Amino acid sequence: MGIKFRVLFEDETFSAEIHKASVKLFLSCLSDLTLYAVAMVARAGVLNDAELNALARHCHDRAHRAALAEVPPERRPENAEAAFANRLNTVRWADIPDGPEAFRGSEADLIRVAPVSDQFKDLDGEIVANSIRFRWHDVRDQMRKRLRGAEVAGDWRQMPDGKG
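Keep in mind it's a predicted model, so treat the numbers as computed, not measured.

### Topic: the pattern of salt bridges
- In the structure shown here, the tally under the stated rule is 10 salt bridges.
- Across the salt bridge formed by Glu 17 and Lys 20, the nearest N and O atoms sit 3.3 Å from each other. Here Glu 17 pairs with Lys 20, and both are found in helix 2 (residues 12–42), just three residues apart, close to one helical turn.
- With relative accessibility at 34%, the residue Glu 17 sits in the partly exposed group.
- A relative accessible area of 35% places Lys 20 in the partly exposed class.

Below, the structure written as structure tokens:
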């Protein structure tokens with residue numbers, strides 16, 4: 001973008017594309033983060049796979065609805081819930097790594113959804129991938145410090161609305 005940075009963001013077409021890409025990337029990050037957090041709960045060994053899937057679906061759906069409440073429907077991806085459900089159908093909780101590999105989906109999507117030419121994606125892909133890798137590092141550390149899997153599992157089972 002260089003010195004045309006401000007001009008590009010004032011362009012309605014470019015701004016709309018950036019917004020669409022940001023929503024898609026948010027949903028990809030939410031998917032990665034949800035699976036990572038629920039995998040931490042899984043490691044506590046309290047919930048079975050069906051309960052873990054229900055917990056993941058519940059967390060993802062609530063965060064998805066809350067975060068995109070202000071986003072106009074035409075700017076929301078149509079298949080976001082289905083994409084997460086498909087991912088959830090293939091997940092093996094014990095196989096979700098406790099490191100940067102857990103966030104490869106959002107890393108790939110950052111490059112895939114960026115509204116730039118394929119040439120720029122090829123040339124800057126590794127730099128961009130490193131930027132999101134470094135961002136996830138602190139998130140993982142904070143989750144490890146704060147999330148207590150057995151307590152989350154217990155709370156989930158006690159939910160009065162039958163979610164657990």
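### Structural notes on the packing of aromatic side chains
- Evaluation of the coordinates by the stated rule reveals two aromatic pairs.
- With a centroid separation of 5.0 Å and an interplanar angle of 50°, the aromatic rings of Tyr 36 and Phe 103 are classed as tilted. Taken together, the positions of Tyr 36 in helix 2 and Phe 103 in the loop between helix 4 (80–90) and helix 5 (104–113) put the pair 67 residues apart, joining distant regions of the chain.
- With a relative accessible area of 0%, Tyr 36 lands in the buried category.
- The class for Phe 103 is buried, based on a relative accessible area of 1%.
- Here the aromatic rings of Phe 103 and Trp 136 are separated by 4.1 Å at their centres, their planes lie at 25°, and the arrangement is stacked. Taken as a pair, Phe 103 in the loop between helix 4 and helix 5 and Trp 136 in helix 6 (residues 118–146) lie far apart in primary sequence, 33 residues in all.

About the cut-offs
Residues numbered from 1 in each chain as written. Predicted model: local features only at pLDDT ≥ 70, side-chain atom pairs only at ≥ 80, totals over all residues. Heavy atoms only, no water. Salt bridge = Lys/Arg side-chain N within 4 Å of Asp/Glu carboxyl O. Helix = DSSP H or I, 4+ residues; strand = E, 2+ residues; numbered from the N terminus. Buried < 20%, exposed > 50% of the residue type's maximum accessible area, 1.4 Å probe, protein only. Phe/Tyr/Trp six-rings, centres within 6.5 Å; stacked < 30°, edge-to-face > 60°.

Without other data, these values stay purely geometric and don't point to any function.
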